[in-house]
Amino acid sequence: MLAKRIIPCLDIRDGQTVKGVNFVNIVSVGDPVELGKLYAEQGADELVFLDITATHEGRKTFVELVKRIAQNLDIPFTVGGGISEIRDAEALLAAGADKISINSSAVRNPNLINDLVRNFGSQFVVVAIDAREANNHWTVTVNGGRIPTDKELYSWAKEAEDRGAGEILFTSMNHDGTKNGFANKELAKLSEILTIPLIASGGAGSMEHFADVFTLGKADAGLAASIFHFREIAIPDLKHYLRTKDIVIR
Amino acid sequence: MKIVVIKYNAGNIRSVDFALQRIGISATITDDKDEIRNADRVIFPGVGEAATTMRFLKQHKLDSLICDLKQPVLGVCLGLQLMCTHSEEGDTTCLGIFPEKVKKFIPLPGDSSHYKIPHMGWNSLSELKTPLFDGLSEADYFYFVHSYYATTGGDTAATCTYLNPFSAALQRDNFYATQFHPEKSGSAGSKLLSNFINLKF
């Protein structure tokens, strides 16, 4: 049976792994390649590397890093951050990335999804959506959740699928960083309206939260960052726990 | 031993090369016909669309070259599908090395939450045959990403079930193929690649 996926996410700045505890206080948690290899050995099913560098120099460093990741890692990985043109994606594909994720650039220019799919195939294109709920309305946000847009979560997710996206990565900004669990109600609704795989992000704080995101949230994969980086949850323990809950895990 | 990865317009070929490097094997990525013919092992990778890729292979006369190869050949993902007789993707006539047909996964009505398409992620296999799977078992998982599948039949060397049973691996004579990506399948995938390199032939 197809296994549910556990995906650690690594934020990268200037070639180094970081996790924003908040926007002013960033704590380094190691070399991305070494950390990635460690997670792969521990049983991570996939990895996401998110480039939060804004400078041109930093971008070049990131492409070099992607090549080192591809050489060293024997599991699939997605890279994201700062991809707004075909040639950005081309450089990352050439460096060995299995998938790319696009977020703000897709909101600003939805045709980018179609263009990327036409050039590289659906399997290469993950559309990441950050959304925030207020008064029962889920507003899609950009720039790390800071800027609201006129798009609504469910219709935008469906539009991304219709434009050819291979996967949706949904982060609830209401849950992100809270460690109180994933947005299971919204995830379940998304999973029902989408025919492509759904990755859940935002809110993981305990092993139970992962069990819930696969059963209640009906997600295909669960993504988290700090709880893995700060060793609050070890991946082998998490996988063992999920197996005892009859969830299919590699 | 000379290992060749066929170079053509099919996505992420380098990841196969990187995977071979990780098990200490250096391969040549080439579209040179003599080099491919004279290799000891040939890997035919592939990510992409069937019709476009078949057209490319024909234009470069790689179609007949692949069919005539006598050394062990390993097709991967789209490589496996193109080695079948026909693909529903673009209504494409394929190489016809394996008698199987390639069909599109059809989701079950009202069950989209369980069966997403593409079939993406790690899945286990059953009825493992051929030395390709030496040291591997039904407990091992392999990484798949595909929306089309090859039917099962006499050449099926491993079966996977997603919506329906399909050929996760095929074998006939010197031709081997996997629908999953051994180059992305962790230690199980590395084992399969080294089994292919070490085939007694």
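Our subject is the structure listed above.
First, a word on what this report is: a plain description of the structure on this page. (Residues numbered from 1 in each chain as written. Chains lettered and ligands numbered in written order. Predicted model: local features only at pLDDT ≥ 70, side-chain atom pairs only at ≥ 80, totals over all residues.)

### Some remarks on the overall build of chain B
- Each helix and strand in chain B was counted, giving six helices and 13 strands.
- Expressed as lengths along the three principal axes of its C-alpha atoms, the size of chain B is roughly 50 × 40 × 30 Å.
- The proportion of buried residues among the 201 residues of chain B is 51%.
- Taking contacts inside chain B between residues at least 6 apart in sequence as the whole, the part at least 24 apart equals 67%. (Helix = DSSP H or I, 4+ residues; strand = E, 2+ residues; numbered from the N terminus. Buried ≥ 20, exposed ≤ 12 C-beta atoms within 10 Å, placed from the backbone. Contact = placed C-beta atoms within 7 Å.)

### Things to note about helix α10 (residues 235-244) of chain A
All names here are of chain A.
- Of all the positions in α10, only Leu 238, Lys 239 and Leu 242 are classed as buried. In a view along the axis of α10, the buried residues occupy a sector of 95°, so they form one face of it. What points out from α10, more than 90 degrees from its buried face, is the exposed set Pro 236, Asp 237, Arg 243 and Thr 244.
- Lining the buried residues of α10 we find β1 (5-13) and α8 (207-215).
- At the C-terminal side of α10, Asp 246 shows a positive phi close to 60°. (Arc of directions from axis to C-beta.)

### Notes on the interface of chain B and chain A
- In this assembly, 29 residues from chain B lie in contact with 27 residues from chain A.
- Of all the elements in the fold, those that place two or more residues in the side of chain B that touches chain A are α1 (14-22), β8 (119-124), β9 (141-146) and α6 (186-197) of chain B.
- A per-element tally of the side of chain B that touches chain A places α1(B) first, with six residues.
- For the side of chain B that touches chain A, the residue count by class is 12 nonpolar, 13 polar and four charged. (Nonpolar A, V, L, I, M, F, W, Y, C, P; charged D, E, K, R; others polar.)

### A closer look at the nonpolar core
- Of all hydrophobic cores here, the largest spans 141 residues; its most connected members are Ile100(A), Val127(A), Ile129(A), Ile168(A), Ala200(A) and Met83(B).
- Setting aside anything within four residues of it in sequence, one finds Ile168(A) in contact with Val127(A), Ile129(A), Ala157(A), Ala160(A), Glu161(A), Leu190(A), Leu194(A), Ile196(A), Leu198(A) and Ile199(A). (Core = buried A, V, L, I, M, F, W, Y, C linked by C-beta atoms within 7 Å.)

### Section: the pairing of strand β5 (residues 77-80) of chain A
Residue and element names in this part refer to chain A.
- Every second residue of β5 is oriented toward a common face, with Phe 77 and Val 79 on one face and Thr 78 and Gly 80 on the other, all of them buried.
- Taken together, the four bridges between strand β4 (residues 47-51) and β5 define a ladder with parallel strand orientation. Paired with Leu 47 across the strands is Phe 77, a residue of β5.
- In the sheet, β5 pairs with strand β6 (residues 99-102) via three bridges, with the strands oriented parallel. In the sheet register, Thr 78 faces β6, and the bridge partner there is Lys 99.
- For the crossover that starts at β5, traverses helix α3 (residues 86-95) and ends in the parallel β6, the hand is right-handed. (Pairing = 2+ DSSP bridges. Right-handed = clockwise from strand over helix to strand, strands pointing away.)

### Notes on the sheet that holds strand β6 (residues 92-93) of chain B
Residue and element names in this part refer to chain B.
- Read across the open sheet, the four strands follow the order β6-β5-β7-β10; overall the sheet is mixed. With one partner strand each, in any of the chains shown, β6 and β10 (148-150) form the two edges of the open sheet.
- In terms of strand pairing, strand β5 (residues 86-87) meets β6 through two bridges, oriented antiparallel. Residue pairing across strands places His 86 opposite Thr 93, the latter belonging to β6.

### A short note on the packing of α3(A) against helix α5 (residues 111-120) of chain A
All names here are of chain A.
- One can describe the packing of α3 onto α5 by two numbers: an axis separation of 10 Å at closest approach and a directional angle of 40°. When the axes of α3 and α5 are compared, the pair comes out oblique. As α3 runs across α5, the sense of the crossing is right-handed. Note on element contacts: α5 touches α3 through Asp 115, Leu 116, Asn 119 and Phe 120, opposite Ile 86, Ala 89 and Leu 93. (Axes fitted to C-alpha atoms, helices over the stretch in contact; angles between N-to-C directions. Parallel < 35°, antiparallel > 145°, perpendicular 65-115°, else oblique. Left-handed = near helix turned anticlockwise from the far one by under 90°.)

### Focus: the pairing of strand β7 (residues 101-104) of chain B
Residue and element names in this part refer to chain B.
- Sheet topology note: the β5/β7 ladder contains two bridges and is parallel. Among the inter-strand pairings, His 86 is bridged to a residue of β7, identified as Lys 101.
- Across three bridges, the pairing between β7 and β10 is antiparallel. Bridging from a neighbouring strand, Lys 103 pairs with Tyr 149 of β10.

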